Amino acid sequence: MMALSENGKLPPPQHVAIIMDGNGRWAKNRGLPRTAGHKAGGETFRRIANYCRTIGVKYLTVYAFSTENWKRSQEEVSGIMTLLERYLTEALRDMEKNRVCFHFFGDLSRLSPKLRKLCEDTQSRSSEFHEVQVNFCLNYGGRDELVRAARAFAADVAAGKRSPDSLSEDEFANYLDSAGVPDPELVIRPSGEMRTSNFLPWQTAYSEFVFMNVLWPDFRPEDLDAAIEEYHRRNRRFGGA
Ligand code: FPP
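Residues numbered from 1 in each chain as written. Predicted model: local features only at pLDDT ≥ 70, side-chain atom pairs only at ≥ 80, totals over all residues. Heavy atoms only, no water.

Further remarks concern the nonpolar core. In terms of nonpolar packing, the biggest core is built from 47 residues, with Ile-18, Phe-45, Phe-102, Phe-136, Leu-138, Ile-188 and Leu-224 touching the most fellow members. When residues in this core are grouped by element, the largest group, 8 residues, is from helix α3 (residues 74-93). Once you skip the residues sitting within four places of it in the chain, Ile-18 turns out to touch Ile-48, Leu-60, Thr-61, Val-62, Tyr-63, Ile-188, Pro-190, Phe-199 and Trp-216. Membership of the second largest hydrophobic core comes to 11 residues, among which are Tyr-140, Val-181, Val-187 and Phe-199. (Core = buried A, V, L, I, M, F, W, Y, C linked by side-chain atoms within 4.5 Å. Buried < 20%, exposed > 50% of the residue type's maximum accessible area, 1.4 Å probe, protein only. Helix = DSSP H or I, 4+ residues; strand = E, 2+ residues; numbered from the N terminus. Contact = heavy atoms within 4.5 Å.)

In terms of burial, strand β1 (residues 15-19) is largely enclosed, as 5 of its 5 residues are buried. What you see with β1 is no split at all: His-15, Ala-17 and Ile-19 on one side and Val-16 and Ile-18 on the other are buried throughout.

Around the ligand lies a shell of 18 residues, among which Met-20, Gly-24, Arg-25, Arg-34 and Arg-72 are the nearest. Between Gly-22 and the ligand, the recorded distance is 3.3 Å, taken from a backbone N or O atom to an oxygen atom. Interatomic distance of 2.8 Å between a side-chain N/O atom of Arg-72 and an oxygen atom of the ligand. Relative to its unbound accessible surface of 620 Å², the ligand loses 92% to contact with the protein. Broken down by secondary-structure element, the contributors of at least two residues to the shell around the ligand are α1 (23-29), α2 (34-55) and α3. Ranked by the residues each element gives to the shell around the ligand, the list is headed by α2, at 5 residues. (Near = heavy atom within 4 Å. Polar contact = N/O pair within 3.5 Å; in protein donor to acceptor, adjacent residues only side chain to side chain. Areas by Shrake-Rupley, 256 points an atom, 1.4 Å probe, with all protein chains shown as cover.)

With their axes 10 Å apart at the nearest point, α2 and helix α8 (residues 221-233) run at an angle of 55° to one another. Relative to α8, α2 is oriented oblique. Remark: the crossing between α2 and α8 carries right-handed chirality. From α2, Arg-47, Ile-48, Tyr-51, Cys-52 and Ile-55 reach across to α8, where they touch Pro-221, Leu-224, Asp-225 and Ile-228. Taken together, the residues of the contact of α2 with α8 break down into 7 nonpolar, no polar and 2 charged. (Axes fitted to C-alpha atoms, helices over the stretch in contact; angles between N-to-C directions. Parallel < 35°, antiparallel > 145°, perpendicular 65-115°, else oblique. Left-handed = near helix turned anticlockwise from the far one by under 90°. Nonpolar A, V, L, I, M, F, W, Y, C, P; charged D, E, K, R; others polar.)

Taken together, 6 strands build an open sheet; the order of strands is β3-β4-β2-β1-β5-β6 and the sheet is parallel. Where the open sheet ends on each side, the last strands, each with one partner, are β3 (100-105) and β6 (208-211). For this sheet the average axis-to-axis angle between neighbouring strands, irrespective of direction, equals 20°. Taken together, the 5 bridges between β1 and strand β2 (residues 59-66) define a ladder with parallel strand orientation. Residue pairing across strands places Ala-17 opposite Thr-61, the latter belonging to β2. (Pairing = 2+ DSSP bridges.)

Attention now moves to α8. Counted at 1.5 Å a residue, the expected span for α8 with its 13 residues is 18 Å, and the 19 Å between its end C-alpha atoms agrees. Of all the positions in α8, only Pro-221, Leu-224, Asp-225, Ala-227, Ile-228, Tyr-231 and His-232 are classed as buried. In a view along the axis of α8, the buried residues occupy a sector of 160°, so they form one face of it. Residues of α8 that are exposed and angled more than 90 degrees away from the buried face: Glu-222 and Arg-233. Taken together, the buried residues of α8 touch β1, α2, β5 (186-189) and β6. (Expected span 1.5 Å × (residues − 1). Arc of directions from axis to C-beta.)

Printed below as a string of structure tokens:
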């Protein structure tokens, strides 16, 4: 068993990825509109992101909006977009105080010009901060990411910059949205669903998955501790003996 850190807890993985699921059910259980569930989910995100910083997680990647989520009602989609706009506006305001580096995975071209500008501004203005990085997956789909990467590589081949035979796994990873970010060691999906739903298929090839029975708005720092403990109980061998 690994040594406990100063606070008596097991050291966290350097990169934690979370599928923030269960907002709709949380709201339904309370007779509230689904958007109320997303609002509560956004608050949980703030709390968990702060906690990740406290315990020393270096990268936190969250699934905020998938390429499939556009199929939801217009009201729900615009509710989520408004929450994201508010969050990023606040992040820009508090940039110097919080010193978090923001990245965005996904095809941002389909977002509103306002939200896209907020994404670009937070990413560029936070690029000087290196201690903690939050990756928001927005209009993200893992297969879409792989197709975009394949297209970008093909374009480099067509331009004579690359040759197909020279492509390695590491080089292909540089064409992904996650270029330069180490793979997540731990992926958490709350809400009782046991699927990965097109979330980081390349990057999670060797990740530990922890599925939990709590709805995302109810997810507490203690749940993250429990997931990290579960991660440490597993014996990670990467296919070796
Ligand atoms: C999945 O729950 C959640 C989403 C599709 C949206 C996640 C967005 C947020 C938590 C808000 C983003 C804002 C910030 C500030 C991070 P679901 O609606 O699929 O839940 P259900 O399966 O119970 O219906």
